[in-house]
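Chain by chain, the residues:
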Amino acid sequence: MTGDVFDSKPLPPVNAETRPFWDACAEGKLLLQRCDDCGAHQFYPRLMCSACGSRAVHWVQANGQGEVRTFTIIRRAVSAAFEADVPYVVALVQLAEGPTMMSNIVGCPVEAVHIGMAVEVAFEPRGTMAVPVFELAGGPASRLAGGLAEG
Ligand SMILES: [Zn+2]
């Protein structure tokens, strides 16, 4: 599968429902939908609330914190574009607001990832877009930000 479209990582499909999400990712913000009627958060984006059927769903910013619910380690690249990444982790992350999101756990050895691990969102540039990934909570990015805040 070399020499074809699989040489570059796929870009997420963007449509009217998902555009606000991807636009926010490009700005380093993770958005979820929240239902005005029942208060439930949901991901992926939908036209109506998956809990109560209300159409009063609006975008809110997630706090970016989550927990690894389950994961797998990918040791054989699915295409040439991912060869430099193996081994890497694909995980289901349960966000603090409730919804789960499939993503990658980055910034630590794959052997360090475990169920229940506290993680926080980061963003991996991909073309003109950015995709949400997760790293150990309190990791290098957080410490850097904290250090800057402390002067
Ligand atoms: Zn609802």
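Quick caveat: nothing in here was measured; it's all calculated off a predicted structure.

Asks: Outline the sheet that holds strand β6 (residues 100-106), supporting the account with residue identities and numerical values.
Replies: If you trace the five strands once around the closed barrel, you get β4-β5-β6-β8-β7, paired in mixed fashion. Along the sheet, successive strands turn relative to each other by an average axial angle of 45°, direction set aside. Pairing between strand β4 (residues 65-74) and strand β7 (residues 118-126): three bridges, direction antiparallel. Following the sheet pairing, Gln-65 is matched in β7 by Glu-120. Against the sheet, helix α1 (residues 19-26) makes contact with β7 and β8 (129-136), and its axis sits at roughly 65° relative to β8, the strand it touches most.

Asks: Summarise the nonpolar core; cite the residues concerned and give the values.
Replies: With 19 residues, the main nonpolar core has Val-68, Phe-71, Ala-91, Val-93, Ile-105, Val-113 and Phe-134 as its most contacted residues. When contributions to this core are tallied by element, the ones reaching two or more residues are α1, β1 (31-35), β4, β5 (88-95) and β7. Tallying contributions element by element places β5 first for this core, with four residues. Ignoring any residue separated from it by four or fewer positions in sequence, one finds Phe-134 in contact with Gly-66, Val-93, Ser-103, Ile-105, Val-119, Glu-120, Val-121 and Ala-122.

Asks: Mind laying out the environment of Gly-98, listing which residues take part and the relevant values?
Replies: Of note, Gly-98 is situated in the loop between β5 and β6. Taking the number of C-beta atoms within 10 Å as the measure of exposure, Gly-98 has 14 and is therefore partly exposed.

Asks: How would you explain the pairing of β5 if you had to name every residue and give the values?
Replies: Along β5, the buried face is formed by Val-89, Ala-91, Val-93 and Leu-95; none of Tyr-88, Val-90, Leu-92 and Gln-94, which line the opposite face, is buried. Relative to β5, β4 is paired through eight bridges, and the arrangement is antiparallel. Bridging from a neighbouring strand, Ile-73 pairs with Val-89 of β5. The pairing of β5 with β6 spans six bridges and is antiparallel. Along β6, the bridge assignment pairs Val-89 with Ile-105. In textbook terms, the turn of a hairpin is the stretch between consecutive antiparallel strands, and for β5 and β6 this stretch comprises four residues, one of which, Gly-98, has a positive phi near 125°.

What counts and how
Residues numbered from 1 in each chain as written. Predicted model: local features only at pLDDT ≥ 70, side-chain atom pairs only at ≥ 80, totals over all residues. Pairing = 2+ DSSP bridges. Helix = DSSP H or I, 4+ residues; strand = E, 2+ residues; numbered from the N terminus. Axes fitted to C-alpha atoms, helices over the stretch in contact; angles between N-to-C directions. Contact = placed C-beta atoms within 7 Å. Core = buried A, V, L, I, M, F, W, Y, C linked by C-beta atoms within 7 Å. Buried ≥ 20, exposed ≤ 12 C-beta atoms within 10 Å, placed from the backbone.

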